[in-house]
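# Chains, contacts and geometry: an overview
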Amino acid sequence: MLAQLDLLYDNGDMSKSWLAALLIGTGVLFILMAAGYAVHLGRIDRIEPAPLPGDIAGMSLSGQVLGAPALAELSWMHGQDFQLNRGAVGSYGMGNEITLYVAGTPLRYTAARMISDMRDKIKQAETSFTPLGEREHGRRRIYELVGMGQQHFYFRSGNLVIWLAVAGEDAELVLQEALDFYP
């Protein structure tokens, strides 16, 4: 086959060594892509806890659900089918004044898509939430809502999606501490 390819080109245009290098490079690229995909699949199959702050706005963590049980709770609440591999739900304060929901995805793209799907679903559907607007914090977009007697915020931090529910007047302080914890 290499001899046939040589006939298509002048002797000075394409040598056998250049074609061999191209074929080897293509093979190495395919091997690297397969290895990357295998790592990606491993990240999907391994469910881990997402990080939660020990306290927020002076309130201690009073309850938590981590890993697979947290992801089951989040999936049940939202009914969406995303590849999630990290999860946590944390309650803060004696009366659960603050609840923090954290879902992790293997890829940042998936987390960004989750945020946009949440935004679109809340805007278009009859939900318990009323959007108050969006704001920028550095390079992040924060979505703000009210509903169920609480103020809510959601945003992305890398490949984590964070939803924060706050009952009380300290919502801005709580949000700032959450943004600091999830940069």
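Whatever comes next refers back to the structure up there.
Residues numbered from 1 in each chain as written. Predicted model: local features only at pLDDT ≥ 70, side-chain atom pairs only at ≥ 80, totals over all residues. Heavy atoms only, no water.

### Some thoughts on the side chain of Ser91
To be explicit about the condition: Helix and strand definitions follow DSSP, with helices as H or I runs of at least four residues and strands as E runs of at least two, each counted in order from the N terminus. Each residue is assigned to one of three classes by its accessible area relative to the maximum for its type, calculated with a 1.4 Å probe on protein chains only: buried under 20%, partly exposed between the two thresholds, exposed over 50%. In this description, contact between two residues means that some pair of their heavy atoms is separated by no more than 4.5 Å.
Along the polypeptide, Ser91 turns up in strand β4 (residues 86-92). A residue is classified by how much of its surface remains accessible, and Ser91, at 16% relative accessible area, is buried. In contact with Ser91, not counting residues within four places along its chain, are Ser60, Leu61, Ser62, Gly63, Asn96, Ile98 and Thr99.

### Some thoughts on the packing of aromatic side chains
Going by this rule: Aromatic pairing here means that ring centres of Phe, Tyr or Trp (its six-membered ring) are within 6.5 Å. Orientation follows from the plane angle: under 30 degrees is stacked, over 60 is edge-to-face, and everything else is tilted.
Taken as a whole and judged by the stated rule, the model has four aromatic pairs. With a centroid separation of 4.8 Å and 80° between ring planes, the pair formed by Phe181 and Tyr182 is classed as edge-to-face. By relative accessible area, Phe181 is classed as partly exposed at 36%. For Tyr182, a relative accessible area of 2% puts it in the buried group. Through pairs of rings, three or more aromatic residues link up here, namely Phe129, Tyr143, Tyr154 and Trp163.

### Quick look at the nonpolar core
Selection criterion: In these notes, a set of buried Ala, Val, Leu, Ile, Met, Phe, Trp, Tyr and Cys residues joined through side-chain atoms within 4.5 Å is what counts as a nonpolar core.
In this structure, Ile98, Leu100, Val102, Phe155, Leu164 and Tyr182 are the most contacted members of the largest nonpolar core, which totals 23 residues. Elements with a contribution of two residues or more to this core: β4, β5 (98-104), β8 (150-157), β9 (160-166) and α5 (171-181). Setting aside chain neighbours within four positions, we find Tyr182 in contact with Pro51, Leu52, Pro53, Leu100, Val102, Arg140, Phe155, Ser157, Leu160 and Ile162. Core analysis: the second largest hydrophobic core is formed by 19 residues, Tyr101, Met114, Ile122 and Tyr154 among them.

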